[in-house]
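# Commentary on secondary and tertiary structure
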Amino acid sequence: MPPSHPFDDDKLKEECGVFGVIGQAEAANFVALGLHALQHRGQEAGGIVSHDPVEGFNSARRFGYVRDNFTKASLMETLPGPLAIGHVRYSTAGKKGAVIRDVQPFFGEFAMGGAAIAHNGNITNAAALRKELIQHGSIFQSSSDSECIIHLMARSFQKNIPERMKDALRRVEGAFSIVAMTRTKLIGVRDALGVRPLVLGKIGDTGWALSSETCALDIIGAEFVREIEPGEMVVITAEGVESHRPFAPAKPRFCIFEHVYFSRPDSIVGGQSIYETRRQIGVELARECPVDADIVCPVPDSGTPAAIGYSQESGIPYAMGIIRNQYTGRTFIEPTESIRNMGVLLKLNVNRALIKGKRVILVDDSVVRGTTSRKIKEMILDAGAAEVHFRIASPPTMWPCFYGVDTPERDKLLAATMSESQMREHLGVDSIRFITLDGLYRAAGEAKGRNNDCPQYCDACFSGEYPVEPVDMIAQGFEIKAAE
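Note that residues are indexed from 1 along each chain, following the sequence as it is written. The predicted nature of this model means local features are confined to residues of pLDDT at least 70 and side-chain atom pairs, given and counted, to a pLDDT of 80 or more, with totals for whole chains, interfaces and linings taken over all residues. To get the side-chain values, take all heavy atoms of the structure and skip hydrogens and water.

## Some words on the packing of helix α9 (residues 274-288) against helix α10 (residues 304-314)
Heads up, the condition is: Here an angle of 0 to 180 degrees is reported between the N-to-C directions of two axes, which are lines fitted to C-alpha atoms, with helices fitted over the stretch in contact. By the criteria applied, helices consist of DSSP H or I runs no shorter than four residues and strands consist of E runs no shorter than two, each listed in order from the N terminus. Comment on the angle field: the value is read as roughly parallel under 35 degrees, roughly antiparallel over 145, roughly perpendicular from 65 to 115, and oblique elsewhere. Here a crossing is called left-handed whenever its near helix is offset anticlockwise from the far helix by less than a right angle, and right-handed whenever the offset is clockwise. Should any heavy atoms of two residues lie within 4.5 Å, those residues are counted as being in contact. Throughout this entry, Asp, Glu, Lys and Arg are counted as charged residues, while Ala, Val, Leu, Ile, Met, Phe, Trp, Tyr, Cys and Pro are counted as nonpolar. The remaining residues, Gly among them, count as polar.
At a minimum axis separation of 6 Å, α9 and α10 run at an interaxial angle of 45 degrees. When the axis of α9 is compared with that of α10, the two are oblique. Judged by the twist between their axes, the crossing of α9 over α10 is right-handed. Within the contact between the two elements, α9 uses Tyr 275, Arg 278, Arg 279, Gly 282, Val 283, Leu 285, Ala 286 and Arg 287 and α10 uses Pro 305, Ala 306, Ile 308, Gly 309, Tyr 310, Gln 312, Glu 313 and Ser 314. Its residues placed into classes, the contact of α9 with α10 shows eight nonpolar, four polar and four charged.

Next comes the structure, spelled out in structure tokens:
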């Protein structure tokens, strides 16, 4: 499902979302609700696998939104049982535009029974693993890097599936949060650095849930218990939750862009409200990058909390200078080239009466290619704004992400090819300023800012410092940042 217009194409794409439930009748219905709450993490496709003691494993994979597929009784009736996992996808590896065989969860039949797995993140040595596995007789059904895990499990000599998964994941490099299931177990795993999120919830007296974010626990009435820790595997059965540590201890490096953009603002990460962190980003941005202006306007919706924080700290009034059309999704029908060229206008419209004659501060979460920023600036000036000042709630995005985020090639990233002053001229604005890495870290709860010797987060897209070497990309010629 291609993006509907440049506004979608000029953002870093959400990775994926995973969700699993055990101990509830019709578990697949709970999973469908959870995936609906995680839809912001992937709109391309979704899938659910369930297990019923009588009917065994069943699965359904569909393109498009959860609401358009997994709300139909005729489909959900095919997914019975008290145990289910699901996945919403935006492709970060494999063929873009997707084919149905790439849609997760993936299922494998082993000697000790079947297992299904859903993966959020990216395996940085997937190409090398795939080549090795094919040479040893594995036959792949998809182009997804996640399928490597199933094949590695199949080749393990361990006697149960959790132990086979440990074997497999010890061969895997990169970033991953996994939900998996056997006939009787729900399994959750985070990589040793904890780059991607995964949380545990309790449903009533007997049920458990695993989710990429806490907001999806809320929708099913589950109680948030805790985050799965970096490097931890949990195995959940009718008897409760077992914790295992399959990896060597490592300093956690959670993705800081979850705070900036990916996670829903009503989620809690690391004990912190995502909304409050984003508001605090705006506060830090106002301290670091002040400017005389009349109003502060968010680029909706992701720039809204930071714009509120900027307004509160600066004393400049907050105003909804840009209105978002909430009913234009990625499936918008574009019958002609002229409609396609309207681009951002399909989704955003300027509040002209508010903007005319004003010096406007526009707060956005990030600048990737810059195409949307230029179009928004043109809309604001066309509405009669006296000045346009961009304030960006993240540092310049200068490096691609290889840990589960679809990022353009480095030469397509505006900040990788232009200085701040060059970006200002290119975008045609009166000023553009970005929050510093230290400011972002302070907003995320690190009072002293970034520890440059041992960073508290993964910030490779800003710093070029990759906590896990992207070996596949290096083999293809990608040059990592030289050590300073």
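Having put the structure on the table, let's press on.
## Considerations on the packing of aromatic side chains
Any aromatic ring pair is given by two values, namely how distant the centres are and how the planes are angled relative to each other. Selection criterion: Pairing of aromatic rings covers Phe, Tyr and Trp, the last counted by its six-membered ring, and requires centre-to-centre distances within 6.5 Å; plane angles under 30 degrees mean stacked, over 60 mean edge-to-face, and any other angle means tilted. Exposed residues in this analysis have more than 50% of their type's maximum accessible area, buried residues have under 20%, and partly exposed residues fall in between, with area computed by a 1.4 Å probe over protein chains only.
Here the structure, examined in full by the defined rule, presents 12 aromatic pairs. Here Trp 399 and Phe 478 contribute two aromatic rings whose centre-to-centre distance is 6.4 Å and whose plane-to-plane angle is 80 degrees, an arrangement assigned as edge-to-face. Note that Trp 399 is positioned in the loop between β21 (387-392) and α14 (414-417) and Phe 478 in the segment after α18 (471-475), a separation of 79 residues in sequence. Among the residues examined, Trp 399 registers a relative accessible area of 9% and is labelled buried. Taken together, a centroid distance of 5.4 Å and an interplanar angle of 80 degrees make the contact between Tyr 441 and Tyr 457 edge-to-face. Here Tyr 441 is found in helix α16 (residues 437-443), whereas its partner Tyr 457 is found in strand β23 (residues 457-458), with 16 residues between them in sequence.

## Notes on the sheet that holds strand β11 (residues 223-227)
As a reminder of what qualifies: For two strands to be treated as a pair, DSSP must find no fewer than two bridges joining them.
With antiparallel pairing, the seven strands of this open sheet are ordered in space as β3-β2-β4-β1-β10-β9-β11. The open sheet has two edge strands, β3 (56-63) and β11, and neither has a second partner. Shown here is a sheet whose adjacent strand axes are inclined to one another by a mean of 15 degrees, direction ignored. Where strand β9 (residues 199-203) and β11 come together, four bridges link them in antiparallel fashion. Bridge assignment links Val 199 to a residue of β11, and that residue is Glu 227.

## Brief notes about the sheet that holds strand β20 (residues 359-364)
If you walk across this open sheet you meet the four strands as β17-β20-β21-β22, and the pairing is parallel. Each edge of the open sheet is held by one strand with a lone partner, namely β17 (295-298) and β22 (431-434). Between one strand and the next, the sheet's axes are offset by a mean angle of 20 degrees, whatever the strand orientation. Against the sheet, α10 engages β17, β20 and β21, with an angle of about 165 degrees to β17.

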